Amino acid sequence: MSEWKKICLVDDIPVLGSRRVRRPQGMDVAVFRNSEDQVFALLDRCPHKGGPLSQGIVFGNRVACPLHNWSIGLCDGQAAAPDEGCTTRFVCRVDGGEVYLDAGELASLALDLMPPKAGPGAASAGAIGDTNFDVQTPHSA
């Protein structure tokens, strides 16, 4: 039997938006609400370049990654074709207007993934995605 952890109220999640759930280990989990008040939970990481899905645009049962507009299914975490990849999905339950996530999943799923690093020195700090990223010096005239 699952142990459920209360996360928030459905009304705490903006319609067509999300909230982030911090975990002691691993990346945040994004909890989404669509226009039909359905609630979904995914790891807050696009399978493409690690973009924060919680900052994406929710439409129907999908979210568009804010970095490169990949469309990710809220029901299964799967990228829409022609893109390929999947992000971790977390079981979500709504009861009496309260949102719950499975405590076992929060404590065990996708703990090995790290958030992407960007900005100066990101490549030397183990950036996700482009391994040759670095700050470029300005072009001289």
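The following refers to the structure shown. Keep in mind that this is a model prediction, so the values were computed, not measured. Residue indices begin from 1 for each chain and proceed along its sequence in written order. Confidence filtering applies because this is a predicted model: local features only for residues at pLDDT of at least 70, side-chain atom pairs given and counted only at 80 or more, and all residues used for totals across whole chains, interfaces and linings. Think of the side-chain values as coming from all heavy atoms in the structure, minus any hydrogens and water.

1. Description of the overall build of the chain
A count of helices and strands for the chain gives 1 helix and 10 strands. Here a residue-residue contact requires only that any non-hydrogen atoms of the pair lie within 4.5 Å. Partitioning the contacts of the chain with sequence separation of at least 6, the portion at a separation of at least 24 is 42%. Accessible area for the chain stands at about 8200 Å²; split by element, carbon and sulfur atoms hold 50% of it. By definition, any uninterrupted DSSP run of H or I lasting at least four residues is a helix, any uninterrupted run of E lasting at least two residues is a strand, and each is numbered from the N terminus. For accessible areas, the Shrake-Rupley method is used with a probe of radius 1.4 Å. Any residue's cover is judged against the shown protein chains and nothing else.

2. Points about unusual backbone geometry
The omega angle of the peptide bond from A81 to P82 is 10 degrees, so this bond is cis rather than trans. The phi dihedral of L16 falls on the positive side, at around 60 degrees, and the residue is not glycine. Relative to the helices and strands, L16 resides in the loop between β1 (4-9) and β2 (17-21).

3. A look at the environment of G77
Position of G77 among the secondary structure elements: in the loop between β7 (71-73) and β8 (89-90). On the basis of relative accessibility, which here comes to 0%, the residue G77 falls in the buried class. The buried label goes to any residue with under 20% of its type's maximum accessible area, the exposed label to any with over 50%, and the partly exposed label to all in between, with areas taken from a 1.4 Å probe on protein chains only.

4. Considerations on the side chain of D44
Along the chain, D44 turns up in the loop between β4 (39-43) and β5 (57-59). No salt bridge is formed by the buried D44. Its closest oppositely charged neighbour is R20, at 4.3 Å. Two N or O atoms count as a polar contact when they lie within 3.5 Å, although within protein this holds only if one can serve as hydrogen donor and the other as acceptor, and sequence-adjacent residues are included solely when both atoms are side-chain atoms. A polar side-chain atom of D44 sits 2.9 Å from the main-chain amide nitrogen of L53. Positive charges come from Lys and Arg, negative ones from Asp and Glu, while His and the chain ends are left out of the count. The working definition used for a salt bridge is a side-chain nitrogen of Lys or Arg within 4 Å of a carboxyl oxygen of Asp or Glu.

5. Considerations on the sheet that holds β2
A pair of strands is considered paired only if DSSP assigns at least 2 bridges between the two. Ordered by their spatial adjacency, 4 strands build an open sheet running β2-β3-β4-β8, and the pairing between neighbours is antiparallel. The outermost strands of the open sheet, each flanked by one partner alone, are β2 and β8.

6. A word on the pattern of salt bridges
Enumeration according to the criterion identifies 5 salt bridges in this entry. Across the pair R33 and D11 runs a salt bridge whose closest N-O atoms are separated by 3.8 Å. Placement of the pair is R33 in strand β3 (residues 29-33) and D11 in the loop between β1 and β2, with a sequence separation of 22 residues. The exposure class of R33 is buried, given its relative accessible area of 8%.

7. Here we look at the state of the cysteines
Two cysteine sulfurs form a disulfide in these notes if their separation is within 2.5 Å. All told, the structure shown has 0 disulfides when counted by the stated rule. We note that C92 lacks a disulfide partner, and the nearest cysteine sulfur, in C8, lies 8.3 Å from it. When its relative accessible area of 23% is taken as the criterion, C92 is described as partly exposed.

8. Regarding the side chain of T87
As for its placement among the helices and strands, T87 is situated in the loop between β7 and β8. Once residues lying within four places of it in the same chain are set aside, the contact partners of T87 are L42, L43, R45, P47, L53, I72, D76 and G77.

9. Here's the deal with the sheet that holds strand β6 (residues 62-64)
Across the sheet, which stays open at both edges, the 3 strands sit in the order β5-β6-β7 with antiparallel pairing between neighbours. Both outer strands of the open sheet, β5 and β7, are each paired with one neighbouring strand and no more. Recorded for the sheet is a direction-independent mean angle of 30 degrees between the axes of neighbouring strands. Two elements, β6 and β7, share 3 bridges in a ladder whose sense is antiparallel. Bridged to V63 within β7 is I72. Lines are fitted to the C-alpha atoms to define the axes, a helix being fitted only along its stretch in contact, and any angle between axes, read from their N-to-C directions, falls within 0 to 180 degrees.

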